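Breakdown of the fold
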Amino acid sequence: MSSSVAGARPKPPVAEPTGDLEPTAPLVFCWQRGDLEAPVTWVLLDAGYEELDRVDGLETDVCVPDGSARSSLAGGGTFHWYVTGTASGWPVASNLQTLQIAVPGSGDATVR
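Residues numbered from 1 in each chain as written. Predicted model: local features only at pLDDT ≥ 70, side-chain atom pairs only at ≥ 80, totals over all residues. Heavy atoms only, no water.

Observations concerning the confidence of the model for the protein chain
- Mean pLDDT for the protein chain: 78, with 69% of residues reaching 70 or above.
- Confidence drops under a pLDDT of 50 for residues 11-21, and excluding neighbours within four residues, the segment shows ten contacts in the predicted structure. (pLDDT = per-residue confidence, 0-100. Contact = heavy atoms within 4.5 Å.)

Notes on unusual backbone geometry
- Of the consecutive residues Ala-38 and Pro-39, the connecting peptide bond is found in the cis state with omega at 0°.
- Within the secondary structure, Pro-39 sits in strand β3 (residues 37-45).
- A positive phi angle, near 70°, is found at Tyr-49, a position not held by glycine.
- With respect to the helices and strands, the residue Tyr-49 is situated in the loop between β3 and β4 (51-58). (Helix = DSSP H or I, 4+ residues; strand = E, 2+ residues; numbered from the N terminus.)

So, the pattern of salt bridges
- Evaluated as defined, the whole model comprises two salt bridges.
- Ionic pairing is found between Asp-61 and Arg-33, a salt bridge with its closest N-O pair at 2.9 Å. Of this pair, Asp-61 sits in the loop between β4 and β5 (62-63) while Arg-33 sits in the loop between β2 (29-32) and β3; the two residues are 28 residues apart in sequence, bridging distant segments of the chain.
- Given the relative accessible area of 22%, Asp-61 is considered partly exposed.
- Residue class for Arg-33 comes out buried when judged on its relative accessible area of 16%. (Salt bridge = Lys/Arg side-chain N within 4 Å of Asp/Glu carboxyl O. Buried < 20%, exposed > 50% of the residue type's maximum accessible area, 1.4 Å probe, protein only.)

Examining the side chain of Asp-53
- As for its placement among the helices and strands, Asp-53 is situated in strand β4.
- Buried charge Asp-53 goes without a salt bridge, the closest partner of opposite sign being Arg-54 at 7.2 Å.
- Side chain to side chain, Asp-53 and Ser-68 meet in a polar contact 3.1 Å long.
- Side-chain polar atoms of Asp-53 contact the backbone nitrogen of Ala-69, separated by 3.1 Å.
- Those residues within four positions of Asp-53 in sequence are excluded, and the remaining contacts are Trp-42, Val-43, Leu-44, Asp-66, Ser-68 and Ala-69. (Lys, Arg positive; Asp, Glu negative; His and termini not counted. Polar contact = N/O pair within 3.5 Å; in protein donor to acceptor, adjacent residues only side chain to side chain.)

Pasting the structure below:
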């Protein structure tokens, strides 16, 4: 699915995280659907672009990963994510987004 929907873009962050992040705080992934029709699928990739997890059937523009995705993210590192679905009957995907999470115990518990 190499097509990209012009309106299906992740929302810009509302605020930069400050201070230490709680290890139990959920990460929330949001996007603006644009022409992307529900349901959509959220896909998490590792630093080498290998798929780690996916959440199918999302009816909203928000994904709060749990289970194996949450475990992968908790270890810190570089990740990529995107959403995929259909627009006007065609399979499409959003632009790839990169997320960096400081490795636990590194003294820099921030999300970038």
